[in-house]
Amino acid sequence: MSNRRKALVAVTAGLATVSLGLSVTSAAGAAPEATTLGSLKLVKTKTSLLGKHYWYQQTFKGLPVINGYYAKHESKSGVQIADGRDAVPANLDVSAKLPAATANTKAAEAINAKAARARIAGADKEAEKVPAAGRSTAQLAVIGGPDARLVWAVTSRSNEGSTRSLVDADSGSVVESKVLSDNANGRGSVFDPNPVVSEQNEKLTDNNDKNSDELFLAQKNVILRNLDGSGKLNGTYVNIVEAKGGVAENKNNNFVYQRANDKFEQVMSYYHVNQTQEYIHSLGFTEVNNESQDFAINTFDGDNSFYDPSVDRITMGEGGVDDGEDAEVIWHEYGHAIQDDVVPGYGESLQAGAIGEGFGDYWAVTMSVPVSNGFELPCVMDWDATSYTSTEPHCLRRTDTGKTTDDIVGQVHDDGEIWSNALWDIHQALGRDKANKVVLEGTFFYAPDTSFADAARVTVQAARLLYGKADAQKVTDAFKARKIL
C-alpha cells in the first residue's frame, strides 16, 4: 500500500514521559513531533520479563492512519524504538464525500465477490478462506505514503469470520480487502490432546461424530480450574459466549459429556486454554493474553476455525472432525490471540502472517509435549487431519519439514512451516520452558509487519538477555539452519 518509513533504533539515554503530539525533546523515548507524521495515541502498555512495551497508533487530524504504529521497548539493554509511521500530506482533506452506507455496500460487494472466487477455487484445506460479508461498521481513516488518501475502513463480521475493506472516501473505489480472522483446520471430560495421540492409533475415525468404545477410552476426567462460579464455562481465561445447541450450564459445575454431545467441545476449549494460561503464568508472564478469551463453539459448519481480531473471538468449526475435539486446533488458534494481544495490529505483512501460522503450529506442539508421550510430536492436529488426509501419520502440517527460506512460496501456512521448524529446533536445543520464555519474550519486540529476519533478531536478543551468549548462539544457529539469518 505504501513504502513505510520504518526504523528500529536502540536508545540508551534516559526516558521521558510520552506526550502525544508534542515536538521531539532531547530525552530518548519521547513522542516524535506531530508534523506530517501526525500524532500518536497510546493504545496499549505491556510488561514482559525484560521490561515495558508501549504501543501507539499513528493518527492524522484525529483519524487513525492505517498500519501506522510507533513502539517503545524499555528493557535491560536500554530503549528500542520501532517506527512504522507513514507520512501524510499536511493539507489532506479529511471530510468524506462518500457516505458511510455507500462504503459499506461497496465493501460488501467486493468481499462477496472475493468469497465467490475462493469457493470456485475449491476445497483446498490450505487455501485462504474468505468469509461472506455480514454486519458492517465503517470508520474514517487515512492511508499514508505516496498514495495518501482518506478512506472508510469497513469491518464486516459474519459467523464465518471477519474482513476489512478500505474504500476511498472520495471516489468509492475499494483500495483493499483482506481477511482479518486467522484460520486453521480444526473438557469435566476431555481428549488430551486428542484420541490419535493419547491412544497412539492412526486408524481412528470420526464416524460422523458418533460415540464409540475406542473414543470413549480416549476421554479422561479432569478438573476445570478458575471457573467464575456462574454455572457456565466462563472463568479467568476462557469465556464461552456462543455455541451450537446453547452454552453448557450446570449449577454444580459438572461438565461431563461424551464426544457426540456438542457441549463436549466447549469443555475442550475451556480446559485446554486454561491449561495454556496456567503454563504461561508459570513461565513468569502475566500479560500474555491475560484475559477471559471469548469462544464461539461449533457455530461455523465448515471444516475450519479462526481467530477474529476485530472482536477478539475464536470460532471453532464443526466440519469433518469437530475442530474443538482436537486440542492442537484450539492451541493453534489461541496462538493467534496471543500475538494479537502482545502486538497490536499484528500480521500486516506476508511474513508476519507466516510467523503467526508457524507460531500457532509450534504452540500446539509445545503444549502437547507433556501429554503426548513423545508420539509424533512434530505432527500438527493429528485427529482433525484424519478427515482430510489419507496417509499416516495424519498431519495438517509439521514442525520438522526441513524447509528454509529457499522454499518460500508466498502462502502463510506453507511458509509458516519454516518458522515453526526454527522454533521447534530452539525447543530441542534449550528445552521446553527456556525456549518458550525466549519465544514469548521475543514476541513483545515484534512489529505488526515484521519479517522473518527481524523477528529472529529480537528472539536472539531475548535469549541473550534472559540466558546469555551461549543460549543465544543456539537460537541463532536454529534460525541460520532455516536460512532466516
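This text goes with the structure placed above it.
Report follows, based on the coordinates.

About the cut-offs
- Residues numbered from 1 in each chain as written.
- Predicted model: local features only at pLDDT ≥ 70, side-chain atom pairs only at ≥ 80, totals over all residues.
- Heavy atoms only, no water.
- Helix = DSSP H or I, 4+ residues; strand = E, 2+ residues; numbered from the N terminus.
- Buried < 20%, exposed > 50% of the residue type's maximum accessible area, 1.4 Å probe, protein only.
- Salt bridge = Lys/Arg side-chain N within 4 Å of Asp/Glu carboxyl O.
- Disulfide = S-S within 2.5 Å.
- Contact = heavy atoms within 4.5 Å.
- Phe/Tyr/Trp six-rings, centres within 6.5 Å; stacked < 30°, edge-to-face > 60°.
- Expected span 1.5 Å × (residues − 1).
- Arc of directions from axis to C-beta.
- Pairing = 2+ DSSP bridges.

1. A closer look at unusual backbone geometry
Of all residues except glycine, most have a negative phi; of all peptide bonds, most are trans.
Right, on to step 1. Cis peptide bonds are those with omega within 30 degrees of zero, and the linkage from Asp192 to Pro193 qualifies with -5°.
Right, on to step 2. Within the secondary structure layout, Pro193 lies in the loop between strand 11 (189-190) and helix 2 (195-198).
Right, on to step 3. In this model, Glu392 is joined to Pro393 through a cis peptide bond whose omega is 0°.
Right, on to step 4. By secondary structure assignment, the location of Pro393 is in the loop between strand 17 (379-380) and strand 18 (397-398).
Right, on to step 5. Positioned with a positive phi, Gln200 is a non-glycine residue whose angle comes to about 50°.
Right, on to step 6. In this structure Gln200 comes out as partly exposed when scored by relative accessible area, which is 43%.
Right, on to step 7. Positive phi is not limited to glycine here, since Asp312 has a value of about 55°.

2. Side note on the pattern of salt bridges
A side chain with one charge can pair with a side chain of the opposite charge if their charged atoms come near.
Right, on to step 1. If you walk through the whole model with that rule in mind, you get 25 salt bridges.
Right, on to step 2. Put simply, Asp206, Asp209, Arg259 and Glu325 are held in one network by salt bridges that share partners.

3. Overview of the state of the cysteines
Right, on to step 1. Applying the stated criterion across every chain, the model contains 1 disulfide.
Right, on to step 2. Shown here is the disulfide that connects Cys379 with Cys395, its sulfur atoms set 2.1 Å apart. Given an S-S torsion of about -120°, the disulfide between Cys379 and Cys395 has left-handed geometry. One end of the pair, Cys379, is in strand 17; the other, Cys395, is in the loop between strand 17 and strand 18, and 16 residues separate them in sequence.

4. Quick word on the side chain of Ser48
Right, on to step 1. On the secondary structure map, Ser48 appears in the loop between strand 2 (39-47) and strand 3 (51-60).
Right, on to step 2. Residue contacts for Ser48: discarding those within four places in its chain leaves His53, Glu441 and Phe444.

5. Thoughts on the packing of aromatic side chains
Right, on to step 1. All chains considered together, the criterion is met by 10 aromatic pairs.
Right, on to step 2. Here Phe191 and Phe264 contribute two aromatic rings whose centre-to-centre distance is 5.0 Å and whose plane-to-plane angle is 70°, an arrangement assigned as edge-to-face. A residue pair is termed long-range when its members are at least 10 positions apart, and Phe191 in the loop between strand 11 and helix 2 and Phe264 in helix 4 (residues 263-282) qualify at 73 residues.
Right, on to step 3. In textbook terms, an aromatic cluster arises when at least three aromatic residues are bridged by ring pairs, as seen for Tyr279, Phe359 and Trp363.

6. Brief notes about helix 1 (residues 100-120)
Right, on to step 1. Between its first and last C-alpha atoms helix 1 spans 30 Å; for 21 residues at 1.5 Å apiece the expected length is 30 Å, and the two agree.
Right, on to step 2. All buried positions along helix 1 are accounted for by Ala103, Asn104, Ala107, Ile111 and Ala115. Buried residues of helix 1, viewed axially, fall in a sector of 95°; they line one side. The exposed set on the far side of helix 1, more than 90 degrees from its buried face, consists of Glu109, Arg117 and Ile120.
Right, on to step 3. Here the buried face of helix 1 lies against strand 6 (135-143), strand 7 (149-158), strand 8 (161-168) and strand 9 (174-179).

7. Some remarks on the pairing of strand 5 (residues 78-84)
Right, on to step 1. Counting buried positions along strand 5 yields 7 of 7 residues, so the element is predominantly enclosed.
Right, on to step 2. Of the strand pairs in this sheet, strand 4 (residues 63-75) and strand 5 are connected by 7 bridges, and their pairing is antiparallel. Opposite His73, over in strand 5, you have Gln80 as the bridge partner.
Right, on to step 3. Counted along the chain from strand 4 to the antiparallel partner strand 5, the turn is 2 residues long.

8. What about the environment of Gly302?
Right, on to step 1. Looking at the secondary structure, you find Gly302 in the loop between strand 14 (293-300) and strand 15 (305-308).
Right, on to step 2. Taking the C-alpha atoms as reference, Gly302 lies 9.4 Å from Asp322; in sequence the two are 20 residues apart.
Right, on to step 3. In contact with Gly302, not counting residues within four places along its chain, are Gly317, Glu318 and Gly319.

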